[in-house]
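Structural description and commentary
Letter by letter, the chains look like this.
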Amino acid sequence: MSRSLTGKWVGPMAEGHPYQEFFGHLREAGGTLVLELRGEWDILAASVAAGRLDALTGGPRTDLVLDVRAVTFMDCAGLGLLCRARHRTRERGGRLRLTGVEDDGWVARLLRMAALTEEFEIVTEGIAGATCLADCVAV
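Attention here is on the structure that accompanies the text. The model shown is predicted, which means the values in this text are computed figures rather than measured ones.

Here we come to the nonpolar core. Grouped together as the largest cluster of nonpolar side chains are 31 residues, with contacts concentrated most on Leu35, Leu37, Trp41, Leu66 and Leu82. Where this core is concerned, the elements lending two or more residues are strand E3 (23-29), strand E4 (32-41), helix H1 (43-57), strand E5 (63-74), helix H2 (76-91), strand E6 (95-99) and helix H3 (106-113). In contact with Leu37, other than residues within four places in its own chain, are Phe22, Phe23, Leu66, Asp67, Val68, Ala70, Val71 and Leu82.

When their charged atoms lie close together, side chains carrying opposite charge are able to pair. As enumerated under the stated definition, the model contains nine salt bridges in all. Across the pair Arg69 and Asp67 runs a salt bridge, and its minimum N-O distance is 3.1 Å. On the basis of relative accessibility, which here comes to 51%, the residue Arg69 falls in the exposed class. For Asp67, a relative accessible area of 12% translates into the label buried. Across the pair Glu121 and Arg95 runs a salt bridge whose closest N-O atoms are separated by 2.5 Å. Residue Glu121 is found in strand E7 (residues 121-123), and its partner Arg95 is found in strand E6; the two are separated by 26 residues along the sequence. Taking relative accessible area as the criterion, Arg95 reaches 37% and is therefore assigned partly exposed. Connected through shared salt-bridge partners, Asp54, Arg84 and Arg88 make up one network.

One pass over the structure, following the stated rule, counts three aromatic pairs. When the centroid spacing of 6.0 Å and the interplanar angle of 75° are considered together, the rings of Phe22 and Trp41 count as edge-to-face. Of this pair, Phe22 sits in the loop between strand E2 (9-10) and E3 while Trp41 sits in strand E4; the two residues are 19 residues apart in sequence, bridging distant segments of the chain. With relative accessibility at 1%, the residue Trp41 sits in the buried group. Ring plane angle 80° and centroid distance 5.8 Å describe the contact between Phe23 and Trp41, whose orientation is recorded as edge-to-face. Pair noted here: Phe23 is in strand E3 and Trp41 is in strand E4, with a separation of 18 residues, a long-range link. Classification of Phe23 by relative accessible area gives buried; the value is 4%. Grouping aromatic residues by their ring pairs yields a cluster made of Phe22, Phe23 and Trp41. Directly above the aromatic system of Phe23 lies the positively charged group of Arg52, at a separation of 4.9 Å from the ring centroid.

Calculation criteria
Residues numbered from 1 in each chain as written. Predicted model: local features only at pLDDT ≥ 70, side-chain atom pairs only at ≥ 80, totals over all residues. Heavy atoms only, no water. Core = buried A, V, L, I, M, F, W, Y, C linked by side-chain atoms within 4.5 Å. Buried < 20%, exposed > 50% of the residue type's maximum accessible area, 1.4 Å probe, protein only. Helix = DSSP H or I, 4+ residues; strand = E, 2+ residues; numbered from the N terminus. Contact = heavy atoms within 4.5 Å. Salt bridge = Lys/Arg side-chain N within 4 Å of Asp/Glu carboxyl O. Phe/Tyr/Trp six-rings, centres within 6.5 Å; stacked < 30°, edge-to-face > 60°. Lys NZ or Arg CZ within 6 Å of the ring centre and 35° of its normal.

Structure, rendered in C-alpha cells:
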C-alpha cells in the first residue's frame with residue numbers, strides 16, 4: 001500500500017475507503033497556490049496528507065492558501081497539520097492563509113478552542129483568476 005501524489009491510498013484499501021480523498025483542486029493565481037482540503041481531517045487523514053502539505057510548503061517564499069470549505073470534520077490532528085504548514089511556510093519566508101473558515105465550522109471552532117485564531121491569516125474573499133494546476137476533475 002502506498003500514497004499517490006494526490007494523497008490518496010493506492011492499493012486494496014483505496015476503493016470506497018472514507019479517507020480516500022483529502023485534497024481537491026490545486027490552483028495558482030499570480031504566484032499564490034490555492035489548495036482545497038476535503039473530508040474528515042483526523043489522525044488518519046493527517047498521516048496520509050502530511051507528505052503532500054510538506055511538499056507544498058517546502059519551497060522558499062511559498063504563498064499558500066488552504067481552502068477549508070469542504071472540510072466536514074477536523075480534530076486536533078488536522079489542526080496540527082495546519083500549524084505545521086503555517087510554521088514551514090513562515091520559516092521559509094512564505095505565507096499561509098486559510099479561506100472558507102466559517103464561524104460555526106470545525107476549523108473556526110478548533111482555532112478558537114486552541115487560542116490560535118490570531119495565529120492564522122483568514123481570507124474572506126476568493127482568490128481571483130486562479131488557474132487549475134492539478135486535481136481539477138472530481139474523482
